[in-house]
Amino acid sequence: MAERKKILITGAAGFLGSHLCDRFIKDDYHVIAMDNLITGRLKNIEHLFKLENFEFYHHDVSTFINVPGKLDYILHFASPASPIDYLKIPIQTLKVGSLGIHNCLGLAKAKDATLMIASTSEVYGDPEVHPQTEDYWGHVNPIGPRGVYDEAKRFQEAMTMAYHTYHKVDTRIIRIFNTYGPRMRLNDGRVLPAFIGQALRGEDLTVFGDGSQTRSFCYVDDLVEGIVRLLHSGYHQPVNIGNPDEISIGDFAEEIIELTGTDQKVIYKDLPVNDPKQRQPDISRAIEILDWKPSIDRAEGLKRTYAYFKSLTEEELNEKDHYNFDKYIK
Ligand code: UDP
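Described below are features of the structure shown in this document.

Cut-offs and rules
- Counting restarts for each chain: residues are numbered from 1 in the order of the written sequence.
- Per-residue local features are limited, in this predicted model, to residues with pLDDT of at least 70; the limit for side-chain atom pairs, both in listing and counting, is 80 or more; totals at the level of whole chains, interfaces and linings are taken over all residues.
- Water and hydrogen atoms play no part in the side-chain values, which are based on all heavy atoms of the structure.
- For the purposes of this entry, the term helix denotes a DSSP run of H or I that reaches at least four residues, the term strand denotes a run of E that reaches at least two, and both are numbered from the N terminus.
- Working definition: with a 1.4 Å probe on protein chains only, accessible area under 20% of the residue-type maximum means buried, over 50% means exposed, and in between means partly exposed.
- Polar contacts here mean pairs of N or O atoms no more than 3.5 Å apart (in protein, one a potential hydrogen donor and the other a potential acceptor; neighbouring residues in sequence count only if both atoms are side-chain atoms).
- Any two residues having at least one pair of non-hydrogen atoms within 4.5 Å are treated as being in contact.
- Centre distance within 6.5 Å is the pairing criterion for rings of Phe, Tyr and Trp, where only the six-membered ring of Trp is used; planes under 30 degrees apart are then read as stacked, over 60 as edge-to-face, and the remainder as tilted.
- To form a nonpolar core, buried Ala, Val, Leu, Ile, Met, Phe, Trp, Tyr and Cys residues must be joined to one another through side-chain atoms within 4.5 Å.

## Looking at the side chain of Gln 213
Link 1 in the chain: Of note, Gln 213 is situated in the loop between β8 (205–208) and β9 (214–216).
Link 2 in the chain: Look at Gln 213 and you get buried, because its relative accessible area is 8%.
Link 3 in the chain: Within the local environment of Gln 213, its side chain forms a polar contact with the backbone nitrogen of Gly 211, the two atoms lying 3.4 Å apart.
Link 4 in the chain: Once residues lying within four places of it in the same chain are set aside, the contact partners of Gln 213 are Phe 208, Ile 247, Ser 248, Ile 249, Leu 271, Asp 275, Pro 276 and Lys 277.

See below:
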């Protein structure tokens, strides 16, 4: 039997990281999951602990990392990912995108491993080009509240390209647009868990601003398929992965009201500073290079996601915060 490929996934206990663990276990890899559990949660990967080809390292990737033996792939997905998270822990957000990627790239170089970074549509900032193509440089406020996330991710791309160019590390850059699905944290502040959580708790749905800002939501399984294809593609330039089906946040709230059958109404709150007005991926590159496009539409994806949130316990539904700040932030 051929030896299993070995993959390190950082941020493995988070929403995307945990789905990636599932996928690479399914594809018969040896998975090393790494997470410091600030915003991730063990519950997302606990079902894998019994497997002999799964290991968990409780570790902060912003500090030196070592993995014994060979390593074939590294996926650097560790980062707080929602605006309220990275506003609460701005310095850790900057560190995981900068020191964290430096450690991962050093490890990739030492092990001759292929490395993929989770970049983001946030590199486009509040975009002046619509839909966003990979060659658009973006419109980001470095010192605005989102700057800690956006600039960390931009630095991460620059560092990854530099290691590719100067050290010939085999790298991939995926720019992920809004993604949703089971295992999102109900209280992470993202619009979808916020709306569904409010509907389930019998609260009004909070639309920020007038609700005319747009987003384009991709179901997590489609994203994971795009990641796998990109990883195996040998392509080093950035690739957008997202679902181009764009919707205004106001209309999205109406869809959630219909989905959940709630009697609650929409209430309006202030728009966060530098909240992008529009966002839609141009996925021509993914179609051409990866032969990838999303296959799960919003109606189906929302149905599956709602089923997950409905299965949560009362306690989970009402959880306000689960941060392990005292334990993990120095
Ligand atoms: N939003 C909202 N109500 C909420 C949470 C978010 O109207 O309770 C809006 C937010 O202002 C933004 C959009 O929904 O325009 C998507 O927000 P999210 O935090 O999910 O992700 P972003 O794309 O802004 O990173």
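## Comments concerning the packing of aromatic side chains
By convention here, two paired aromatic rings are described through the distance between centres and the angle between planes.
Link 1 in the chain: Enumeration over the complete set of coordinates arrives at 12 aromatic pairs.
Link 2 in the chain: Between Phe 49 and Phe 54, the aromatic rings sit 5.7 Å apart at their centres with planes inclined by 45°, giving tilted as the arrangement.
Link 3 in the chain: By relative accessible area, Phe 49 is classed as partly exposed at 39%.
Link 4 in the chain: For the ring pair Tyr 124 and Tyr 136, a centre distance of 5.9 Å and an interplane angle of 20° mean the geometry is stacked. With a gap of 12 residues between them, Tyr 124 in the loop between β5 (114–120) and α4 (147–167) and Tyr 136 in the loop between β5 and α4 connect regions that are remote in the sequence.
Link 5 in the chain: Through a chain of ring-to-ring contacts, three or more aromatic side chains come together here, namely Tyr 180, Phe 195, Phe 217, Tyr 219 and Phe 252.

## Examining the nonpolar core
Link 1 in the chain: By size, the foremost hydrophobic cluster in this structure holds 62 residues, and its most contacted members are Phe 24 and Phe 77.
Link 2 in the chain: Of the residues forming this core, the biggest block, seven residues, is contributed by helix α6 (residues 220–231).
Link 3 in the chain: Residues within four places of Phe 77 in sequence aside, it is in contact with Thr 10, Gly 11, Leu 16, Leu 20, Met 116, Ala 118, Ile 174, Ile 176 and Ile 227.
Link 4 in the chain: If you look at the next biggest cluster of nonpolar residues, it comprises 22 residues, including Ile 32, Ile 65, Val 96 and Ile 101.

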